[in-house]
Amino acid sequence: MNTGSDETGEAVVAADETKGEPALGSRAPQFIKARRALHLSWQVGVFVVGLAVVVAGVIMLPLPGPGWLVIFGGMAIWATEFVWAQLVLRWTKRKVTEATQRALDPKVRRRNIILTTIGLLIVGVLAGIYLYRFGFVMPWKIKE
C-alpha cells in the first residue's frame, strides 16, 4: 500500500491505533507469519472457511435464517487475515452507525411514527370494510 512516503508502515499503524481502531493486516500468530508456506496455507484456510460462511449466508437470504448476519460473520472471518475485508467491515460499521444516528433523529422518528399510524389506520379501515361486506368469513370460503 502506498502511504505517500518512503517510511515504513509504522506511521499508518500509529494513525489507525490513535482512532481507536486496530491496525490493518494479518492477525495470524507470529510463528505462522514467520514461515511463508505456513502463512500462505493459513490464509488459504481462512479464505475457504470465510467463503463457506459467506456462501451459507447467501443461501439463507431467500431461505429462513439470518442471512445478512452470517454474511457479515464470514466477512469478519476474512477480516482476521485480509486488509480488503477489514476495510469493508470498517466501512459497513461506519454506515450502520450513521444510519442508526439518522434513525434516532427526533424528526425522523416522528415521521416514522406518523407514517406507521397512517398505515395502521388504512389497514384497519380496509379490514372494517371487509368485515362489514363479508362478515367474519375466510376469503377461500366466500360464495358468489
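Structure's up top.
Residues numbered from 1 in each chain as written. Predicted model: local features only at pLDDT ≥ 70, side-chain atom pairs only at ≥ 80, totals over all residues. Heavy atoms only, no water.

A. Representation of the overall build of the chain. Per the secondary structure count, the chain includes six helices and zero strands. Helices (α) and strands (β) of the chain occur, in sequence order from the N terminus, as α-α-α-α-α-α. Per-residue burial over the chain gives 17% buried out of 144 residues. Pairs at least 24 apart in sequence give 41% of the contacts found in the chain among residues at least 6 apart. Counting every atom, the chain has about 11,300 Å² of accessible surface; 69% of that belongs to carbon and sulfur. (Helix = DSSP H or I, 4+ residues; strand = E, 2+ residues; numbered from the N terminus. Buried < 20%, exposed > 50% of the residue type's maximum accessible area, 1.4 Å probe, protein only. Contact = heavy atoms within 4.5 Å. Areas by Shrake-Rupley, 256 points an atom, 1.4 Å probe, with all protein chains shown as cover.)

B. Main features of helix α4 (residues 67–79). Across its 13 residues, α4 extends 18 Å between first and last C-alpha, which sits within 8% of the 18 Å expected from 1.5 Å per residue. Residues of α4 that are buried sit in contact with α3 (36–60) and α5 (83–103). (Expected span 1.5 Å × (residues − 1).)

C. Focus on a nonpolar patch on the surface. Residues Leu40, Val44, Phe47, Val48, Leu51, Val55, Ile59, Leu63, Trp84 and Val88 make up a contiguous nonpolar surface patch of roughly 850 Å² in combined accessible area. Elements that contribute at least two residues to the nonpolar patch include exactly α3 and α5. Ranked by residues supplied to the nonpolar patch, first place goes to α3 with seven residues. Inspection of the secondary structure assignment puts Phe47 in helix α3. Judged by relative accessible area, which is 34%, Phe47 ranks as partly exposed. (Patch = residues over 30% accessible without salt bridge, like charges linked within 9 Å, V, L, I, M, F, W, Y side chains within 5 Å. Salt bridge = Lys/Arg side-chain N within 4 Å of Asp/Glu carboxyl O.)

D. Inspection of the packing of aromatic side chains at higher detail. Applying the stated criterion to the full structure yields five aromatic pairs. Judged by centre distance (5.4 Å) and plane angle (55°), the rings of Trp78 and Trp84 are tilted. In textbook terms, an aromatic cluster arises when at least three aromatic residues are bridged by ring pairs, as seen for Phe47, Trp78, Phe82 and Trp84. (Phe/Tyr/Trp six-rings, centres within 6.5 Å; stacked < 30°, edge-to-face > 60°.)

E. Representation of α5 in the model. Between its terminal C-alpha atoms α5 stretches 30 Å, which fits the 30 Å expected from 21 residues at 1.5 Å a residue. Along α5, the residues that are buried comprise Ala85, Gln86, Leu89, Arg90 and Thr92. Down the axis of α5, the smallest arc covering the buried residues is 165°, so these residues share one side. For α5, the exposed residues set more than 90 degrees away from the buried face come down to Gln101 and Arg102. (Arc of directions from axis to C-beta.)

F. Region of the structure containing the nonpolar core. Core analysis: the largest hydrophobic core is formed by eight residues, namely Val46, Val54, Met75, Trp78, Ala79, Phe82, Ala85 and Leu89. Broken down by element, this core gets its largest block of residues, three residues, from α4. Discounting residues that sit within four places of it in the chain, Val46 has contacts with Ile77, Trp78, Thr80, Glu81 and Phe82. (Core = buried A, V, L, I, M, F, W, Y, C linked by side-chain atoms within 4.5 Å.)

Interpretation in functional terms is not warranted from these geometric data alone.
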